[in-house]
Amino acid sequence: MAGACCKCPLSLSVFKRSLSVAPRGCGSAPRFLLHGWRLGERGLQEAARPSSAFRPAGFYRQTAFLCLSCQESMTESLRTCYLYLNQTSRSFAAVIQALDGELRHAVCIFYLVLRALDTVEDDMTIPLDKKVPMLNDFHTFLYQDEWCFTESQEKDRQVLEDFPTISLEFRNLAQEYRDVISDICHRMGVGMAEFLEKKVGSMKEWDQYCHYVAGLVGIGLSRLFSASQLEDPEVGRDTELANSMGLFLQKTNIIRDYLEDTQEGRAFWPREAWSQFAGRLEDLAQPEKLESALSCLNLLVTDALHHVPDVIAYLSRLRNQSVFNFCAIPQVMAIATLSTCYNNPMVFQGVVKIRKGQAVTLMMEATNMSAVQTIIAQYSQEILHKVSLTDPSREKTLHILAVIREKSALSQSSLRSRTHHLSPMYLSAAMVLAALSWQYLSTTAAQAQGTSDMQGP
């Protein structure tokens with residue numbers, strides 16, 4: 001069993017934005033995202049483009065995130081796993097270190113296993129007759145000492161080529177962690193195989209797709225939180241709330257990324273929604289279709305908002321500060337993103353993102369339930385002010401906003417008797433760590449931009 005690491009919160013970063021899948025032949029198929037490890041990174045990294053003058057010395061060197069005592073206590077294979085984590089997701093490599101104790105290692109391995117699974121799904125050079133069995137059986141590879149895959153062409157192929165190192169550290173985890181990771185890997189692999197050539201048609205299928213790519217990760221993380229005993233068993237048992245946490249993030253991603261996805265031949269908005277307003281999904285981007293496009297957009301935002309009461313209920317149960325930060329930050333980023341998207345023509349014309357200063361404020365403030373409630377109320381009110389008298393979803397939107405307001409008030413009342421108790425020292429440290437995290441994300445964004453520039457013509 002991996003030893004517990006010291007409690008040195010190094011970052012209040014946000015979750016990973018996963019890779020997208022290129023269009024498959026003549027059609028589009030859903031890409032599989034590591035949901036919560038996706039949303040905030042785009043909002044932060046796209047907003048941050050510092051010039052080279054602000055890049056620190058040694059900018060292009062590999063960054064070490066773990067404190068020295070943590071690194072010294074780890075096995076060589078576990079250090080390699082953290083290296084792969086840093087290579088495949090710099091922002092998630094930061095946030096994982098904010099988790100307490102052995103949960104940190106369990107979530108690291110959980111991420112790498114799902115990244116390896118996702119890499120198989122993403123690789124368009126693997127024929128379907130080979131890929132489908134691999135996805136269905138991937139969870140069994142965790143217990144095969146020597147299994148690896150060396151034929152991938154994906155940029156994250158190192159997690160497949162050196163899968164024996166990852167699977168070794170998986171087997172070094174406590175049984176309760178292994179059971180969770182193996183189960184989620186199995187269920188997600190089956191879902192990936194199912195949606196390889198399947199388009200999202202009905203709203204029910206949209207929920208099912210989001211469950212496979214996001215809800216299952218939320219369920220897995222929740223079970224890991226409880227297995228670590230940092231959270232009550234109820235957190236891991238309530239799969240409905242955990243699933244809803246993932247669906248809220250994933251639906252926000254899909255809504256925001258309409259233009260990027262359609263331009264690359266991918267279709268994630270459910271046909272049941274867009275077919276009410278256009279003959280083809282891509283038609284919504286036509287200027288003459290703007291009114292219909294906004295109606296469709298607002299319908300989907302309203303659907304996503306139905307998960308917010310579950311988000312409030314879930315976060316209200318959390319007691320460990322590191323877990324709370326880990327979960328709360330992407331959720332407030334999501335509600336801020338939905339507020340920006342609602343009734344916004346830019347969804348169909350360009351990139352929609354929250355402002356850099358806005359992202360920093362959310363990172364620094366979302367460290368307790370009372371603050372999260374205030375943020376949710378703020379952005380819900382912003383959406384309320386944008387609801388048009390003629391919008392077809394007006395009544396449904398007003399209803400769910402009223403429910404959110406009611407749930408927030410109830411949660412605030414209960415918080416008076418069970419508030420997160422944080423010392424002034426912790427709060428000061430949290431603000432400093434948030435600032436450091438932001439600086440780190442800004443510079444990694446610049447590095448990514450610089451690399452892209454160097455690869456250009």
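Quick notes on the rules
Just so you know, the residues in each chain are numbered from 1, in the order the chain's sequence is written. Only residues with pLDDT of at least 70 are given local features in this predicted model, and only at 80 or more are side-chain atom pairs given and counted; all residues enter the totals for whole chains, interfaces and linings. As a rule here, side-chain values come from all non-hydrogen atoms in the structure, and water together with hydrogens is ignored. UniProt positions are given in the numbering used here, feature names are shortened, and annotations may be inferred rather than shown by experiment. Going along the chain from the N terminus, every DSSP run of H or I of four or more residues is numbered as a helix, and every run of E of two or more is numbered as a strand. Only protein chains enter the accessibility calculation, which uses a 1.4 Å probe. A residue is then buried if its area is under 20% of the maximum for its type, exposed if over 50%, and partly exposed in between. Here a residue-residue contact requires only that any non-hydrogen atoms of the pair lie within 4.5 Å. In this description, accessible areas are obtained by the Shrake-Rupley approach with a 1.4 Å probe, and a residue is regarded as covered only by the protein chains that are shown. Salt bridges are identified by distance alone: a Lys or Arg side-chain nitrogen within 4 Å of an Asp or Glu carboxyl oxygen. Classification of ring pairs uses Phe, Tyr and Trp, with its six-membered ring standing for Trp, and accepts pairs whose centres are within 6.5 Å; under 30 degrees between planes counts as stacked, over 60 as edge-to-face, and the remaining range as tilted. Whether a charge sits over a ring depends on NZ of Lys or CZ of Arg being within 6 Å of the ring centre and within 35 degrees of the ring normal. Only buried Ala, Val, Leu, Ile, Met, Phe, Trp, Tyr and Cys residues count toward a nonpolar core, and they belong to the same one when joined by side-chain atoms within 4.5 Å. Any pair of N or O atoms that falls within 3.5 Å is considered a polar contact. Within protein, one atom must be able to donate a hydrogen and the other to accept it, and sequence-neighbouring residues count only if both atoms are side-chain atoms. What counts as an axis is a line fitted to C-alpha atoms, over the stretch in contact for a helix, and the angles between N-to-C directions run from 0 to 180 degrees. Left-handed is the label given to a crossing in which the near helix is rotated counterclockwise from the far helix by less than a right angle, and right-handed is the label when the rotation is clockwise. Counted as positive: Lys and Arg. Counted as negative: Asp and Glu. His and the chain ends are not counted at all. Note on scores: pLDDT gives the predictor's confidence for each residue, bounded by 0 and 100.

The name recorded for the protein in an unreviewed UniProt entry is Squalene synthase, from Oreochromis aureus. As its UniProt record puts it under Cofactor (unreviewed entry), the protein is described as follows: "Mg(2+)". The annotation that UniProt attaches to the protein under Sequence similarities (unreviewed entry) is "Belongs to the phytoene/squalene synthase family."

Re the overall build of the protein
The helix and strand inventory of the protein stands at 21 helices and zero strands. A buried classification covers 58% of the 457 residues belonging to the protein. In the protein, of all internal contacts separated by at least 6 residues, the share reaching a separation of at least 24 is 76%. On the protein, roughly 18,200 Å² of surface is accessible, and the fraction owed to carbon and sulfur atoms is 53%.

Digging into the pattern of salt bridges
Under the defined criterion, the tally for this structure stands at 21 salt bridges. Notably, a salt bridge pairs R157 with E161, separated by 3.7 Å at the nearest N-O pair. A salt bridge links R280 to E282; its shortest N-O distance comes to 3.4 Å. For E282, a relative accessible area of 39% corresponds to the partly exposed category. When salt bridges that share partners are traced, they join R115, D118, K155 and D156 into one network.

Here's the deal with the packing of aromatic side chains
This model, assessed by the stated rule, comprises 13 aromatic pairs. Between F141 and W147, the aromatic rings sit 4.0 Å apart at their centres with planes inclined by 10°, giving stacked as the arrangement. The same class applies to F141 and to W147, which are both buried. Note that K198 overlies the ring of F195, its terminal NZ or CZ placed 4.8 Å from the centroid.

Remarks on the environment of L103
Examined against the element boundaries, L103 turns out to sit in helix α5 (residues 103-122). Taking relative accessible area as the criterion, L103 reaches 0% and is therefore assigned buried. Expressed as a C-alpha distance, the spacing of L103 and Y177, which sit 74 residues apart in the sequence, is 8.9 Å. Setting aside its immediate chain neighbours within four residues, L103 contacts Y177, L224, F225, S228, L230 and V323.

Focus on the nonpolar core
Within the largest apolar cluster, 128 residues are counted, with the highest numbers of intra-cluster contacts made by F138, W269, L284, L305, Y314 and L315. Among the elements that make up this core, the one with the highest residue count is helix α10 (residues 203-227) (14 residues). Other than its neighbours up to four places away in sequence, W269 contacts V200, I254, I255, Y258, W274, L281, L284, C296, L297, L300, V347 and F348.

Concerning the environment of R280
In this structure, R280 sits in the loop between α14 (271-274) and α15 (290-305). Setting aside residues no more than four positions away along its own chain, R280 makes contact with W274 and Q286. Of note is the side chain of R280, whose polar atom sits 2.9 Å from the side chain of D283.

Quick notes on the packing of helix α17 (residues 321-341) against helix α18 (residues 356-365)
Where α17 meets α18, the axes come as close as 9 Å, and the angle between the chain directions of the two elements is 140°. The handedness of the crossing between α17 and α18 is right-handed. Taken together, the residues of α18 that come into contact with α17 (itself represented by I329, V332, M333 and A336) are Q358, A359, L362 and M363.

Some remarks on the side chain of D123
Position of D123 among the secondary structure elements: in the loop between α5 and α6 (128-137). Among buried charged residues, D123 stands out as having no salt bridge; its nearest opposite-charge side chain is K131, 6.2 Å away. Within polar-contact distance, the side chain of D123 engages the backbone nitrogen of Q153 at 2.9 Å. Every residue in contact with D123, bar those within four places of it in the chain, is listed here: K131, E151, S152, Q153 and E154.

Observations concerning helix α16 (residues 308-317)
Of all the 10 residues making up α16, seven are buried; the element is thus mostly covered by neighbouring parts of the structure. Listed in full, the buried residues belonging to α16 are V308, P309, V311, I312, Y314, L315 and S316.

Re the confidence of the model for the protein
Low pLDDT marks regions whose predicted coordinates should not be analysed in detail. Mean pLDDT for the protein: 80, with 73% of residues reaching 70 or above. Looking across the protein, the model is least confident in helix α1 (residues 39-45), with a mean pLDDT of 42, and most confident in α15, with 98. Of the regions scoring below 50 in pLDDT, residues 1-33 engages in 158 contacts with residues more than four places distant in sequence or in other chains. Within the model, pLDDT remains below 50 along residues 35-65, and this stretch shows 107 contacts once partners closer than five positions in the same chain are excluded.

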